[in-house]
Amino acid sequence: MLVAAALAVGVLAVSATPASANVNIFDSFEPPPALQNWSFSHSGDGAGGFSSLQVRTGVRDAFITIRGDGFSSVSRNVFLSHPQTCSASVFVNPAPTGGFQLINFEILSFDFHYIALKSATLTSDAPYTKFSTSWTNSPTFFMVRVSVVGNGPGTTVAAWVDDVSVNCN
């Protein structure tokens with residue numbers, strides 16, 4: 001099964017690293033520094049890790065999956081010296097699991113309140129899809145996160161994530 005093959009590349013938990021005052025990040029999950037900047041989390045029967053199965057650019061992407069209820073995500077923390085105007089984008093490719101997949105592109109405050117949220121339900125045969133958002137008066141710390149949301153018992157939802165961009169000035 002494709003999902004199992006993607007998970008076979010390994011799950012790696014990593015810690016986030018601060019970014020500079022004016023942030024211009026483009027990350028296609030190529031090491032380094034992707035291995036140091038991104039972390040994976042889930043609620044329920046989920047997993048995530050770096051893979052090379054469905055890259056958009058480069059040789060590496062992130063892979064997230066959830067079975068049943070809950071969510072699975074890949075995220076990165078961003079630190080600013082002062083509030084700024086920001087924009088962010090990401091490309092997401094849903095895995096062919098045979099159904100619809102809810103994808104969230106989230107910008108969250110340190111206490112997990114939404115600063116910005118883009119959600120879409122994609123079919124499992126959709127190509128890489130770009131999600132974009134922007135916000136003003138950004139807090140000095142926020143998280144960029146991409147999540148797949150479970151469809152309930154007996155279902156699997158999964159996606160590859162690549163080419164994340166965050167720009168603040």
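Residues numbered from 1 in each chain as written. Predicted model: local features only at pLDDT ≥ 70, side-chain atom pairs only at ≥ 80, totals over all residues. Heavy atoms only, no water.

A.B. asks: Help me understand the overall build of the chain in this model?
C.D. replies: A count of helical and extended segments in the chain gives two helices and nine strands. Put simply, the chain runs from its N terminus to its C terminus through helices and strands in the order α-β-α-β-β-β-β-β-β-β-β. Burial status across the chain gives 48% buried among its 169 residues. Considering only contacts within the chain whose residues lie at least 6 apart along the sequence, 74% involve residues at least 24 apart. Only carbon and sulfur atoms are counted for the fraction: they give 56% of the accessible area of the chain, which is about 7400 Å². (Helix = DSSP H or I, 4+ residues; strand = E, 2+ residues; numbered from the N terminus. Buried < 20%, exposed > 50% of the residue type's maximum accessible area, 1.4 Å probe, protein only. Contact = heavy atoms within 4.5 Å. Areas by Shrake-Rupley, 256 points an atom, 1.4 Å probe, with all protein chains shown as cover.)

A.B. asks: Honestly, the nonpolar core in this entry has me stumped. Any pointers?
C.D. replies: With 34 residues, the main nonpolar core has V74, F142, V146, V161 and V166 as its most contacted residues. Of all elements in the fold, only β2 (38-51), β3 (61-79), β4 (86-94), β5 (100-109), β6 (114-123), β7 (129-135), β8 (141-149) and β9 (152-168) reach the threshold of two or more residues within this core. Residue contributions to this core peak at six residues, all from β9. Core analysis: the next-biggest nonpolar cluster, separate from the first, contains six residues, F63, A95, A158 and W160 among them. (Core = buried A, V, L, I, M, F, W, Y, C linked by side-chain atoms within 4.5 Å.)

A.B. asks: Help me understand the environment of V92, please; the structure alone is not making it clear to me.
C.D. replies: Tracing the backbone shows V92 in strand β4. With 54 residues separating them along the chain, V92 and V146 place their C-alpha atoms 8.5 Å apart. Apart from residues lying up to four places away in sequence, V92 is in contact with I103, P127, Y128, T129, F131, V146, A159 and W160.

A.B. asks: I would appreciate a short explanation of unusual backbone geometry in the present structure.
C.D. replies: Comment: phi is negative for the bulk of residues other than glycine, and the bulk of peptide bonds are trans. A positive phi angle, near 65°, is found at F29, a position not held by glycine. Along the polypeptide, F29 turns up in the loop between β1 (24-27) and α2 (34-37). The buried category is assigned to F29, whose relative accessible area is 0%. With phi around 55°, D163 is a residue other than glycine that occupies positive phi space. Along the chain, D163 falls in strand β9.

A.B. asks: Just checking my understanding: could you explain the environment of S39 for this structure?
C.D. replies: Within the secondary structure, S39 is located in strand β2. Separated by 10 residues in sequence, S39 and G49 have C-alpha atoms that sit 8.5 Å apart.

A.B. asks: In this structure, what is going on with the state of the cysteines? I would like to understand it.
C.D. replies: Here a disulfide denotes one covalent bond, and it connects the sulfur atoms of two cysteines. Per the counting criterion, the structure on display carries one disulfide. Each disulfide pairs two cysteine sulfurs, and for C86 the partner residue is C168, the sulfurs being separated by 2.1 Å. Between C86 and C168, the S-S torsion sits near 115°, and that sign places the bridge as right-handed. With C86 in strand β4 and C168 in strand β9, this residue pair connects regions lying 82 residues apart in the sequence. Overall, C86 belongs to the buried group, its relative accessible area being 2%. A relative accessible area of 1% means that C168 is categorised as buried. (Disulfide = S-S within 2.5 Å.)

A.B. asks: How should I be thinking about the packing of aromatic side chains in this particular structure?
C.D. replies: For any pair of aromatic rings, the description rests on two quantities: the centre-to-centre distance and the angle between the ring planes. Applying the stated criterion across every chain, the model contains six aromatic pairs. With a centroid separation of 4.9 Å and an interplanar angle of 50°, the aromatic rings of F29 and W38 are classed as tilted. No difference in accessibility class separates F29 from W38, as the two residues are buried. Between F79 and F141 the ring centres are 4.8 Å apart and the planes differ by 50°, which places this aromatic pair in the tilted class. Residue F79 is located in strand β3, and its partner F141 is located in strand β8; the two are separated by 62 residues in the primary sequence. A relative accessible area of 30% places F79 in the partly exposed class. The side chain of R56 reaches across the aromatic face of F91, ending 3.5 Å from its centre. (Phe/Tyr/Trp six-rings, centres within 6.5 Å; stacked < 30°, edge-to-face > 60°. Lys NZ or Arg CZ within 6 Å of the ring centre and 35° of its normal.)

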